[in-house]
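Observations on the model geometry
Each chain, written out:
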Amino acid sequence: MTDIQHNLQEVLDEISSEVCLVAVSKTKPVSDLQEAYAIGQRVFGENKVQELTDKYEALPKDIQWHMIGHLQTNKVKYIAPFVALIHSVDSFKLLTEINKQAEKNNRTINCLLQVHIAEEETKYGFDFQEVEELIKSDELIQLKHIRIKGLMGMATFSDENQKIKREFESLNTDFKQLQQNTLPENVSLEVLSMGMSGDYKLAIEAGSNMIRVGSNIFGARNYNK
Ligand SMILES: *Cc1c(COP(=O)(O)O)cnc(C)c1O
């Protein structure tokens, strides 16, 4: 086993089969993804459109590609033909564009709404009230080519476990509360995407069923990218 395969296996051994592991391969070469692929990993996450499309073209077609980074409206068209899940939907405008490009490609694109749970100002996302309004809105029902599968959140970058835990728990509470609503046809709240290398154990304890793990599998990234 290579280091990457060993690290990947270690994460898989720690989580239950109910939790989906998204291997976050941003900035890493295709050969690193091939190592993970060779032992069965099929879900990969990227945060840049160009890198995502390049890797999609270079790698086997049974991979599910997740877009996890901020997505600009004018770039949706490049990933619309193949993307399996967009974690980072943070505006209605973006959702409308995803719907339009999905229709052009004759498909339905799965989306998560990114919810702002961290203290930091810079992180993108809706707040809970906006999400609630959105899933009840008449405008949303018109978008027949998207499906809102759940929520995504990122905790404050901190070593204070209690704070991180509270943030994850509050998102889980919101998630459960939203599930109580009568949901439109294009909304099915099944996925709660939270947890990265430093905090995925806390996230799972707080109810996450999809974790996005990069550096614990592929090693530290070169951060000027
Ligand atoms: C980079 C990234 C991750 C993975 O981060 P690690 O700390 O390397 O596991 C997860 N989610 C998002 C949105 C990211 O941009």
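Residues numbered from 1 in each chain as written. Predicted model: local features only at pLDDT ≥ 70, side-chain atom pairs only at ≥ 80, totals over all residues. Heavy atoms only, no water.

**As for the site of the ligand**
All residues adjacent to the ligand are Val24, Lys26, Ile68, Met154, Met196, Ser197, Arg212, Val213, Gly214, Ser215 and Arg221. The separation between an oxygen atom of the ligand and a polar side-chain atom of Ser197 is 2.5 Å. In the model, a nitrogen atom of the ligand is placed 2.9 Å from a nitrogen or oxygen of the Arg212 side chain. With the chains in place, 90% of the 390 Å² that the ligand exposes on its own is no longer accessible. Tallied by class, residues from the shell around the ligand come to 5 nonpolar, 3 polar and 3 charged. (Near = heavy atom within 4 Å. Polar contact = N/O pair within 3.5 Å; in protein donor to acceptor, adjacent residues only side chain to side chain. Areas by Shrake-Rupley, 256 points an atom, 1.4 Å probe, with all protein chains shown as cover. Nonpolar A, V, L, I, M, F, W, Y, C, P; charged D, E, K, R; others polar.)

**Considering the pairing of strand β2 (residues 43–46)**
Of the two faces of β2, the one carrying Val43 and Gly45 and the one carrying Phe44 and Glu46 are both buried. Across 2 bridges, the pairing between strand β1 (residues 20–24) and β2 is parallel. The residue of β2 that forms the bridge with Ala23 is Phe44. For the handedness criterion, the β-α-β arrangement of β1, helix α2 (residues 30–38) and β2 is classed as right-handed. Across 4 bridges, the pairing between β2 and strand β3 (residues 64–67) is parallel. Along β3, the bridge assignment pairs Phe44 with Trp65. Each parallel crossover has a hand, and the one from β2 via helix α3 (residues 49–58) to β3 is right-handed. (Buried < 20%, exposed > 50% of the residue type's maximum accessible area, 1.4 Å probe, protein only. Helix = DSSP H or I, 4+ residues; strand = E, 2+ residues; numbered from the N terminus. Pairing = 2+ DSSP bridges. Right-handed = clockwise from strand over helix to strand, strands pointing away.)

**Focus: the packing of helix α1 (residues 3–14) against α2**
α2 packs onto α1 with a crossing angle of 50 degrees between their chain directions and a minimal axis gap of 9 Å. Put simply, α1 runs oblique to α2. Along this stretch, α1 crosses α2, giving a crossing that reads as right-handed. Along the contact surface, α1 presents Ile4, Gln5 and Leu8, while α2 presents Asp32, Glu35, Ala36 and Ala38. Residue composition of the contact of α1 with α2, by class: 4 nonpolar, 1 polar and 2 charged. (Axes fitted to C-alpha atoms, helices over the stretch in contact; angles between N-to-C directions. Parallel < 35°, antiparallel > 145°, perpendicular 65-115°, else oblique. Left-handed = near helix turned anticlockwise from the far one by under 90°. Contact = heavy atoms within 4.5 Å.)

**Details of unusual backbone geometry**
Phi is positive for Thr27, close to 70 degrees, though the residue is something other than glycine. Its location among the elements puts Thr27 in the loop between β1 and α2. You can call Thr27 partly exposed: its relative accessible area is 21%. Of note, the phi angle at Asn106 is positive, near 55 degrees, even though the residue is not glycine. Counting through the fold element by element, Asn106 comes out in the loop between α5 (92–104) and β5 (109–116). Take Asn106: its relative accessible area is 73%, and that puts it in the exposed class.

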